Structure formats: C-alpha cells, structure tokens
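Analysis of the macromolecular model
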Amino acid sequence: MEDTSSLIQIRIDKIKEIRENFGVNPFPYRYDITAYSKEIIDNFDSYFESEKKVSVAGRIMAMRVMGKASFCTIQDRDGKIQLYLAENKLGDEIYSLFKKLDLGDIIGVKGIVKKSKTGEITVFADEFTLLTKNIRPLPVVKEKDGETFDLFADKELRYRNRQIDLIVTPGVKETFLKRIQIIKNIKRILDSKEFLEVETPVLQPVYGGAAASPFTSHHNALDINLYLRISLEPYLKRLIVGGFDRVYEIGKCFRNEGIDRTHNPEFTMLELYQAYGDYNDMMALAEELIVDTVMKVNGSPKVNFDGKEIDLTTPWKKIKMTDAIKEYSGLDVMAMSDEDLQAAVKKHGGELKGDYIRGLAINELFELLVEDKLIAPTFVTHQPVETTPLCKPDIEDERFLQRFELFINGTEFANAYSESNDPVFQRKTLYDQSLRREVDEEAPPMDENFVQAIEAGMPPTGGMGIGIDRLVMLLTGESTIRDILLFPTMKPE
RNA sequence: GAGACGCUAGCUCAGUCGGUAGAGCAACUGCCUUUUAAGCAGUGGGUCCGGGGUUCGAUCCCCCGGCGUCUCACCA
C-alpha cells in the first residue's frame, strides 16, 4: 500500500468537490441505524409486508450504475445487502453525488425493503447520505455463487493491514468473532464458579513461572530493568495467599523466542488457581471449560484440524508419563538404568542441557517419542519432579509430580499442578532452578519475594494454565497462529 | 537456525530465451432506470524490492542485502 498517490489525489479532489459543489460534508457526525443487513434478510417477509422504512448504513463494496438508476452493495456489521438508488426518487443533485462515490465509501440509506426483478432483497432508497469518504482504494474482491475472485491474497499485506483484511476477505471477521466468543464463554464458566477475574503486573522486576527468555525494558525514573511477564503464575499465587481463593486472569504473556506457525512473541494465556483444590479438580475443570466452549461455538464436540477429525467428547484418556512412553515406544523407563536413558535420548536425537538429570531425560524421551502421537485429548500425568519447581510431588511416589499436561493433536493445551506450598521445599527448588541458569539460559532467576509470599502460608491449591491461542486455533480450524491474532507481530516494513 | 519459493499498476497475476512491460478488476471520460464478477466505447496509470557485477544495453543473468510465504528444526 505505497504509492497510490494519484488514485488518492483523485479522491481528495472529490472531497473538495463534494464540499464546494454539493455543499455536503463528506464526514458528518452521526447516523441513526434502524436495521442491519442480516436481520433484514432473515426477516424479509415482515419488512416487506409492513412497508416499514429502514435506515441502513455500511461500506460500498460494489456499484452498478446504469445511468439514472443504480444498484450498489453495502457491507455493514453483520453482512451485505443490496441498495437501489434512482434519480427520480433522490433528485438530480443527490443522485449525481452518489454517482461520484467510490468503492470503500460509507453511506447511509433510508427506504423500504423489497425484492428486485431478479429476486434479490434490496433497500429501495428514498434518502441517501454520504457518511464517510474513502480516499485509499480497497482491494476489490468479487463474488459470484459463493466463488470469490481476486482475493486479497498477499498474507503479509493482510496481516499488516488487518482492518482491510477484515473488510474484504470472507471469513476473517467470523474467525475473530469466534475467538471473542471462546474467551467470553470461558469467563462465563469461571465466573459462574466464583472465580474472580484479576489483573496482575505485566512489567515485573523478576519474571518466573515458566522457562523462557523474557523481553527486557527499562524504567527511566527508577533506573531499573523491568521484564515483561512470561507467565501469570507468581502474582496469581500471591492472591491465593491473600485469601481470594479462586482467581483467574486471561492476559498477554511475552516470550522472546522465535516466531512460527504456532508461536507469536506475545500470546494469550489463561491461568486459574483454586484454593483447597488439587490437580484432579483441574482435570475436571479443563474438560468442562473446553467441551462446554466447543459446544457453544461449534455445536459439536468434533473438530476438523489439519485434515484430522478430533473428538473432544469426555472423559479424556488419563495416563502417567512413564506409562505413555511404554505404550507408544515400548521403552520401560522405570526399569532403565541412567546409562540406558542417556543412550535412548541420544539415539532419538534428543539433547540434555547441563549435568545429567534422570527426570529430565525421561521428560525428553516423552517429548521425542510420544507427544506428537497424542491426537485425541489425553491427560499425561505424573511428570518427573525435576521438570518443574512449582508443583507438589505425588503422595505415592515422590519421584513424580501431581501434575498433568493436556495434549490434543500432538500439542500441549493445558498444564496443571497441585501447587507447591511448602515454603522450605519451594525455596530450595526455586533456588536450584536459578542455578541452572548457567546451563539453561531460559531458567528464571530466584524470586525472593515470591518465596516470602509462600512463607506466609498458601493453602493447598490446584492451578492450571491454558493457551488461549492454541484453543482458538483448534476450535476455528486455523493452523497458523497469525490467522487467529488480529495483529500478529511483524517486522517493520 | 536450515531449505524451497516469492517480491512486476491500487488488487490479482501474465511476461520479457537480455532490447526499460501487459491482462482483468479498480480509477478517469462518455452512454445506459431492475443490475449483480452489470454492460458498451474510450483514456490514463509502473524506481518491474534495494545495492553491486557482467553486458553496448539488466526488470530478466550473477553476487550481496531487505522483506515475506511455506516446510523442517527449536520452543515448560
């Protein structure tokens, strides 16, 4: 969208002409809409019989001028509708103003609803008002019998100019409306269970709750570095300590990593914490949140993704990580020696950072051999204790955690713990993790204030994180994260 | 991080075996009172991503760079 100067200049000149020759303000202040396109089309009979006048407004998407009468198609909030404008109804002057308009202009029309000779539902204009003059031409996308022509195909331009994409590319608006519905429904369910929606700091002096490289910023007045959060966990847990009992936040997290089909530097996470609950409660809640939402937005528990049909009907399979490895690869990691584990990781192309740690080797084997095979929803439980410092060990076998990860279509959709709340244990595990920074730059630094918060006493708590973007991708069938983010991160032009 | 591919008019794309370029839509000027990818006639519109090289001559060939798309790898 660069040098369109001559096309733009022609339209700027039109603005002047409209003001001077027609005495019309091309940018008036308001307009009363009484009906939207979809409602009129859905209820044509009653509009037709009542001969009630409607006021509609929208953007001109197509114009068919035939001398002294014209058809044009406008697009409003809900869809498209055809208008009929005739010189003998509107008068010479206003009709000739209409003929000067361009695709992309926004107009309002008042008139009655009838069908044209070819049967198309049409608003026959008695009055016509220019509401906004466009000066930057839109891509022209044509349509016939559901087939589209000259689609706005350049993905880069679509992402950089999403407002244009929303106007001209069929289906884009619907995808984002669905995203909005998904988030709204999740909030509705959590609100109904007395979870409180809260807002916690995005700018943090110490980041944590995950392993990732942060974005670093600087506060001038305080002369300190601040980090954009990589997770919501540390502050939400402070609120559990503070007595809120059930909290959640749906918000942006930021990770300074690569960009690809499933990763954007800023992305939306849901994290929720339930005092006096554990990871089993989180499992039930995960099923309810996702299944209720898919039913609400899609009307079916089955979704099509990557050409696969995925059935989200509950209950979902539950399997311990070590059993999953056995089931999918035949390796009995419980019976394997450390040497055999190391050899197996190497054999399958894995890599272990720093000194050998048995639990991390088991987790690595899971990622190498099992993860992408878990297409139907599967709760993988009992990860090795070394995989996270923030989770309680299982009662029956302290080498493993009271944790689950939910996998669908080979990717992680949720991660939940019986949250660690033993402050002595917590201080040790977080300190140990901070030491790993020497071999793993993604390990977060020690967070003394967080540990002190836990020292005040955090009740037994179940917590869960769900990647909202991936959930939206699953339920919309979009396989590229950029297609479900209104404004994905782009390099500057 | 690797590979493939792409970047030509506002949009979608052709094209030039190296001689500075075309279509459709959009725009502009006419005609047209039931059209719908409206139609008919005419007109204008381009740093062919940027820089260097080869060449009499580069948008085309070569090199470097930029940006992008896709695939793979990485990613608590």
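1. Here we look at the overall build of chain A
Looking only at helices and strands, chain A has 16 helices and 20 strands in total. Taken over the C-alpha atoms alone, chain A extends approximately 90 × 55 × 45 Å along its principal axes. Buried residues in chain A amount to 46% of all 493 residues. Nonlocal contacts in chain A, meaning residues at least 24 apart in sequence, comprise 64% of its contacts between residues at least 6 apart. If you sum the accessible surface of chain A, you get close to 24,500 Å²; carbon and sulfur atoms cover 49% of it. Between the mean site of the 64 positive side-chain charges and the mean site of the 82 negative ones, chain A shows a separation of 7 Å.

2. Overview of the pairing of strand E18 (residues 403–408)
Counting buried positions over the six residues of E18 gives six, a clear majority of the element. Here E18 shows two buried faces, one formed by Arg 403, Glu 405 and Phe 407 and the other by Phe 404, Leu 406 and Ile 408. Summarising the sheet, strand E17 (residues 378–381) and E18 pair through four bridges and their orientation is antiparallel. If you follow Val 380 over to E18, its bridge partner there is Glu 405.

3. With respect to the environment of Asp 332
One can find Asp 332 in the loop between helix H11 (321–329) and helix H12 (338–347). Under the relative-accessibility criterion, Asp 332 is labelled partly exposed at 30%. Here the alpha-carbon distance between Asp 332 and Pro 315, two residues 17 residues apart in the chain, equals 26 Å.

4. Regarding the packing of aromatic side chains
A ring pair, where both rings are aromatic, is described by two values, the distance of the centres and the angle of the planes. Counted by the stated rule, this structure contains nine aromatic pairs. On the basis of an interplanar angle of 90° and a centroid distance of 5.5 Å, the ring pair of Phe 98 and Phe 128 is categorised as edge-to-face. In this pair, Phe 98 is assigned in helix H5 (residues 92–100) and Phe 128 in strand E5 (residues 121–132), connecting sequence segments 30 residues apart. On the basis of relative accessibility, which here comes to 0%, the residue Phe 98 falls in the buried class. Since its relative accessible area comes to 8%, Phe 128 is described here as buried. Aromatic pair Phe 366 and Phe 407: ring centres 5.4 Å apart, planes at 55°, arrangement tilted. With a gap of 41 residues between them, Phe 366 in helix H13 (residues 358–369) and Phe 407 in strand E18 connect regions that are remote in the sequence.

5. Focus: the sheet that holds strand E2 (residues 69–75)
Taking strand neighbours around the barrel as the criterion, the five strands line up as E1-E2-E3-E5-E4 in a closed arrangement whose pairing is mixed. Ignoring which end each strand starts from, the neighbouring axes of this sheet average 55° apart. Inspection of the sheet shows E2 paired to strand E3 (residues 80–86) by seven bridges, in the antiparallel sense. When the bridges of E3 are listed, Ser 70 appears paired with Leu 85. The strands that H5 touches are strand E1 (53–66), E2, E3, strand E4 (106–115) and E5; relative to E2, the one it contacts most, it runs at about 55°.

6. Considering the domain arrangement of chain A
Taken domain by domain, chain A consists of domain 1 (5–138) and domain 2 (172–316 + 376–483). Each of domain 1 and domain 2 has a C-alpha centre, and these two points are 48 Å apart.

7. Quick notes on the protein's contact with RNA strand B
If you check the shell around RNA strand B, you find 48 residues, and the closest are Ser 116, Thr 118, Lys 142, His 263 and Arg 482. Here the atoms of RNA strand B within 4 Å of the protein split so that 56% fall in sugar or phosphate, with bases taking the remainder. Gly 67 is positioned with one of its backbone polar atoms (N or O) 3.1 Å from a base nitrogen of RNA strand B. The separation between a base oxygen of RNA strand B and a polar main-chain atom of Lys 117 is 2.7 Å. Mapped onto the surface near RNA strand B, the elements with two or more residues apiece are helix H1 (5–22), E1, E2, E3, strand E6 (142–144) and helix H6 (155–160). In terms of residue count, H6 provides more of the surface near RNA strand B than any other element does, five residues in total. Residue composition of the surface near RNA strand B, grouped by class: 18 nonpolar, eight polar and 22 charged.

8. With respect to the nonpolar core
Counting residues in hydrophobic clusters, the biggest one holds 43 residues, and the most contacted among them are Leu 270, Leu 272, Leu 289, Phe 404 and Met 464. When residues in this core are grouped by element, the largest group, ten residues, is from helix H10 (residues 279–298). Once you skip the residues sitting within four places of it in the chain, Leu 270 turns out to touch Ile 186, Leu 190, Leu 232, Tyr 248, Glu 249, Ile 250, Leu 289, Met 464, Gly 465, Ile 466 and Ile 468. Listed in part, the 27 residues of the second largest apolar core include Leu 85, Phe 98, Leu 101 and Ile 107.

9. Here's the deal with the packing of helix H9 (residues 233–241) against helix H15 (residues 448–455)
Relative orientation of the contacting elements H9 and H15 amounts to 25°, with a least axis distance of 9 Å. As judged from the angle between their axes, H9 and H15 are roughly parallel. Here H9 runs over H15; the crossing is left-handed. The segment H9 lies against H15, with Pro 234, Lys 237, Arg 238 and Val 241 engaging Asn 449, Phe 450 and Ala 453. Taken together, the residues that form the contact of H9 with H15 break down as four nonpolar, one polar and two charged.

10. Examining the pattern of salt bridges
Counted according to the given criterion, the structure contains 32 salt bridges. Among the ionic pairs, Lys 187 bridges to Glu 197, the shortest N-O distance being 3.1 Å. Taken together, the residues Lys 187 in helix H8 (residues 172–192) and Glu 197 in strand E8 (residues 196–197) connect sequence positions ten residues apart. Overall, Lys 187 belongs to the partly exposed group, its relative accessible area being 25%. Note that Glu 455 and Arg 427 form a salt bridge whose closest N and O atoms lie 2.9 Å from each other. Here Glu 455 is found in helix H15, whereas its partner Arg 427 is found in helix H14 (residues 423–435), with 28 residues between them in sequence. When salt bridges with common partners are traced through the structure, they connect Arg 11, Lys 14, Asp 102, Asp 105 and Lys 133 into a single cluster.

Rules behind the numbers
- Residues numbered from 1 in each chain as written.
- Chains lettered and ligands numbered in written order.
- Predicted model: local features only at pLDDT ≥ 70, side-chain atom pairs only at ≥ 80, totals over all residues.
- Heavy atoms only, no water.
- Helix = DSSP H or I, 4+ residues; strand = E, 2+ residues; numbered from the N terminus.
- Buried < 20%, exposed > 50% of the residue type's maximum accessible area, 1.4 Å probe, protein only.
- Contact = heavy atoms within 4.5 Å.
- Areas by Shrake-Rupley, 256 points an atom, 1.4 Å probe, with all protein chains shown as cover.
- Lys, Arg positive; Asp, Glu negative; His and termini not counted.
- Charge placed at Lys NZ, Arg CZ, Asp CG, Glu CD.
- Pairing = 2+ DSSP bridges.
- Phe/Tyr/Trp six-rings, centres within 6.5 Å; stacked < 30°, edge-to-face > 60°.
- Axes fitted to C-alpha atoms, helices over the stretch in contact; angles between N-to-C directions.
- Domains from an automatic or database assignment.
- Near = heavy atom within 4 Å.
- Polar contact = N/O pair within 3.5 Å; in protein donor to acceptor, adjacent residues only side chain to side chain.
- Nonpolar A, V, L, I, M, F, W, Y, C, P; charged D, E, K, R; others polar.
- Core = buried A, V, L, I, M, F, W, Y, C linked by side-chain atoms within 4.5 Å.
- Parallel < 35°, antiparallel > 145°, perpendicular 65-115°, else oblique.
- Left-handed = near helix turned anticlockwise from the far one by under 90°.
- Salt bridge = Lys/Arg side-chain N within 4 Å of Asp/Glu carboxyl O.

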